[in-house]
Amino acid sequence: MKTIGFLGFGEASFNISEGLRDEGLSGIRAFDAGWQREPYGAVVRERAERAGVVLENSAEDLIGKVDIVVCSISANMAVPVAQQVASSLRPDQIYVDLNSAGPDTKVEVEKIIAHHATFVDVAVMGTVPGNRHKVPMLAAGKGAQEIAEYLNGFGAKVTALEGPAGKASASKMFRSIFMKGYVMLLLEAVVAGRKFGLEDDVLVSIRDTITGGDFLKQVNDLIARGVIHAERREHEMDEVIATLNSLDVDATMSVATKNKLAWCVSQGFREHFNAQPPADYHDIFAVLAR
């Protein structure tokens, strides 16, 4: 059985690890640069204990003990981390870039990694919490088929695409044009509605217009998680914008979404809630009222 190690142990790595563990994959390891710094370190250690994951003291220690290295950090760190760890990799290892980066970034990472290990571009195409390791994922590049077959053996839903690295992340970037903007549009609507005490009424009106399901619960979860993960998503929108610019496609809404995400970062939501999404999105108004 191949062993897996995660570079970065945030929300995605934790949920995927826990799901794979429950399917019988043992020996999962992780290294997170912040796991020994508080208050984030306490979150990482608690997640690792819940998922049965062994935390390593360095990226090099992790790489030396696993067969598959999964990099799951912020998109803006994908290249620097690849440069840092490349020389520690072995030819028999697979390096999976799970970051929400654009195709140009994935290709750049592949150029760094390919001299040392097999590279795979993997894009997460849904929400990881709740779906865990079964969240739909796309894989592209030299090792796509191999990683898909291995993870799918533990209940994952990885689809291997024919084509080079960058193809999977391109699909995610185009999906993100809608998905990231959707969350920020909802946030703007409830913040404005709050001025008249109408935030819930506005959401009910939107719900009645576009869905017949449990829209309010979905909105609560989207906004609560959206403000916590704004910095990482802002970096992802940088990748979206770069991708659209490279294709000479107008990026007006993507730029607007990036700017709104930057506003979220400036409000300090992540620090206020200790990196944990609030149970009720109404709690964000206390932060805005400071």
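Heads up: the structure comes first, above all this text.
Described in the following lines is the structure provided in the data block.

About the cut-offs
Residues numbered from 1 in each chain as written. Predicted model: local features only at pLDDT ≥ 70, side-chain atom pairs only at ≥ 80, totals over all residues. Heavy atoms only, no water. Helix = DSSP H or I, 4+ residues; strand = E, 2+ residues; numbered from the N terminus. Buried < 20%, exposed > 50% of the residue type's maximum accessible area, 1.4 Å probe, protein only. Pairing = 2+ DSSP bridges. Axes fitted to C-alpha atoms, helices over the stretch in contact; angles between N-to-C directions. Parallel < 35°, antiparallel > 145°, perpendicular 65-115°, else oblique. Contact = heavy atoms within 4.5 Å. Right-handed = clockwise from strand over helix to strand, strands pointing away. Core = buried A, V, L, I, M, F, W, Y, C linked by side-chain atoms within 4.5 Å. 1 Å grid on protein atoms, 1.4 Å probe; cavity = no way out; pocket = protein on both sides within 12 Å on 5 of 7 lines; lining within 4 Å. Points joined across faces, edges and corners; volume = space filled by probe spheres on them. Nonpolar A, V, L, I, M, F, W, Y, C, P; charged D, E, K, R; others polar. Salt bridge = Lys/Arg side-chain N within 4 Å of Asp/Glu carboxyl O. Patch = residues over 30% accessible without salt bridge, like charges linked within 9 Å, V, L, I, M, F, W, Y side chains within 5 Å. Areas by Shrake-Rupley, 256 points an atom, 1.4 Å probe, with all protein chains shown as cover. Lys, Arg positive; Asp, Glu negative; His and termini not counted. Charge placed at Lys NZ, Arg CZ, Asp CG, Glu CD. Phe/Tyr/Trp six-rings, centres within 6.5 Å; stacked < 30°, edge-to-face > 60°. Lys NZ or Arg CZ within 6 Å of the ring centre and 35° of its normal.

**A word on unusual backbone geometry**
- With an omega of 5°, the peptide bond running from Glu38 to Pro39 counts as cis.
- Of note, Pro39 is situated in the loop between β2 (29-31) and α2 (40-51).
- Even without being a glycine, Arg132 presents a positive backbone phi close to 50°.
- Here Arg132 shows up in the loop between β6 (118-124) and β7 (136-140).
- On the basis of relative accessibility, which here comes to 23%, the residue Arg132 falls in the partly exposed class.
- The backbone of Asp248 shows a phi angle near 60°, a positive value even though the residue is not glycine.
- Inspection of the secondary structure assignment puts Asp248 in the loop between α10 (230-246) and α11 (252-267).

**Here we look at the pairing of β7**
- Within β7, four of the five residues are buried, which leaves the element mostly enclosed by the surrounding structure.
- In this sheet, β7 lies alongside β6 in antiparallel orientation, the contact comprising four bridges. For Asp121, the partnering residue across the bridge sits in β7 and is Ala140.
- Relative to strand β8 (residues 157-160), β7 runs parallel, the two sharing four bridges.

**As for the packing of helix α7 (residues 167-194) against helix α8 (residues 199-210)**
- Contact geometry for α7 and α8: axes closest at 7 Å, N-to-C directions at 140°. As summarised for this structure, α7 and α8 are arranged oblique, according to the angle between their axes. Touching Tyr182, Leu186, Ala189, Val190, Gly193 and Arg194 of α7 are Glu199, Val202, Leu203 and Ile210, all from α8.

**Considering the sheet that holds β6**
- As summarised here, the arrangement of the eight strands in space is β3-β2-β1-β4-β5-β6-β7-β8, forming an open sheet in which the pairing is mixed. In this open sheet, the two edge strands, each paired with only one partner strand, are β3 (54-55) and β8.

**With respect to the pairing of strand β5 (residues 94-97)**
- Here β5 shows a buried face lined by Ile94 and Val96 and a second buried face lined by Tyr95 and Asp97.
- Sheet topology places strand β4 (residues 68-71) next to β5; four bridges connect them, and they run parallel. Looking at β5, one finds that Cys71 is bridged to Asp97.
- Taking the sense of rotation as the criterion, the β-α-β connection linking β4, helix α4 (residues 78-85) and β5 turns out right-handed.
- In the sheet, β5 pairs with β6 via four bridges, with the strands oriented parallel. Across the sheet, residue Tyr95 finds its bridge partner in β6, namely Phe119.
- Note that the unit made of β5, helix α5 (residues 103-113) and β6 has a crossover that is right-handed.

**Details of the nonpolar core**
- Ile4, Leu7, Phe9, Tyr95 and Ile113 are the most contacted members of the largest nonpolar core, which has 57 residues in total.
- Judged by nonpolar contacts, the second largest core, of 28 residues, contains Leu186, Leu222, Ile241 and Cys264.

**With respect to empty space enclosed by the protein**
- Tallied over the full model, the rule gives one cavity of 30 Å³ or more.
- There is about 140 Å³ of room inside the largest cavity.
- As for the largest cavity, its lining consists of 15 residues, and the residues nearest its centre are Ile16, Val70, Leu98, Met137 and Leu151.
- Sorting the residues of the lining of the largest cavity by element identifies β1 (4-7), α1 (11-22), β4 and α6 (144-152) as the ones contributing at least two each.
- Of the residues assigned to the lining of the largest cavity, the class counts are 14 nonpolar, one polar and no charged.

**Some thoughts on the pattern of salt bridges**
- Inspection of the entire model under this criterion finds 21 salt bridges.
- Where Arg194 meets Glu199, a salt bridge forms, and the shortest distance between an N and an O atom there is 2.7 Å.
- Connected via shared salt-bridge partners are Glu18, Arg21, Asp22, Glu46, Arg50 and Arg132.

**So, a negative patch on the surface**
- Together, Asp200, Asp201, Asp280 and Asp283 line one region of the surface with negative charge.
- A relative accessible area of 36% means that Asp200 is categorised as partly exposed.

**What to know about the packing of aromatic side chains**
- Enumeration over the complete set of coordinates arrives at six aromatic pairs.
- Taking 6.4 Å as the distance between ring centres and 20° as the angle between the ring planes, the aromatic pair formed by Tyr95 and Phe119 counts as stacked. A residue pair is termed long-range when its members are at least 10 positions apart, and Tyr95 in strand β5 and Phe119 in strand β6 qualify at 24 residues.
- By relative accessible area, Tyr95 is classed as buried at 0%.
- Sitting over the ring of Trp263, Lys260 keeps its end group 4.7 Å from the ring centre.

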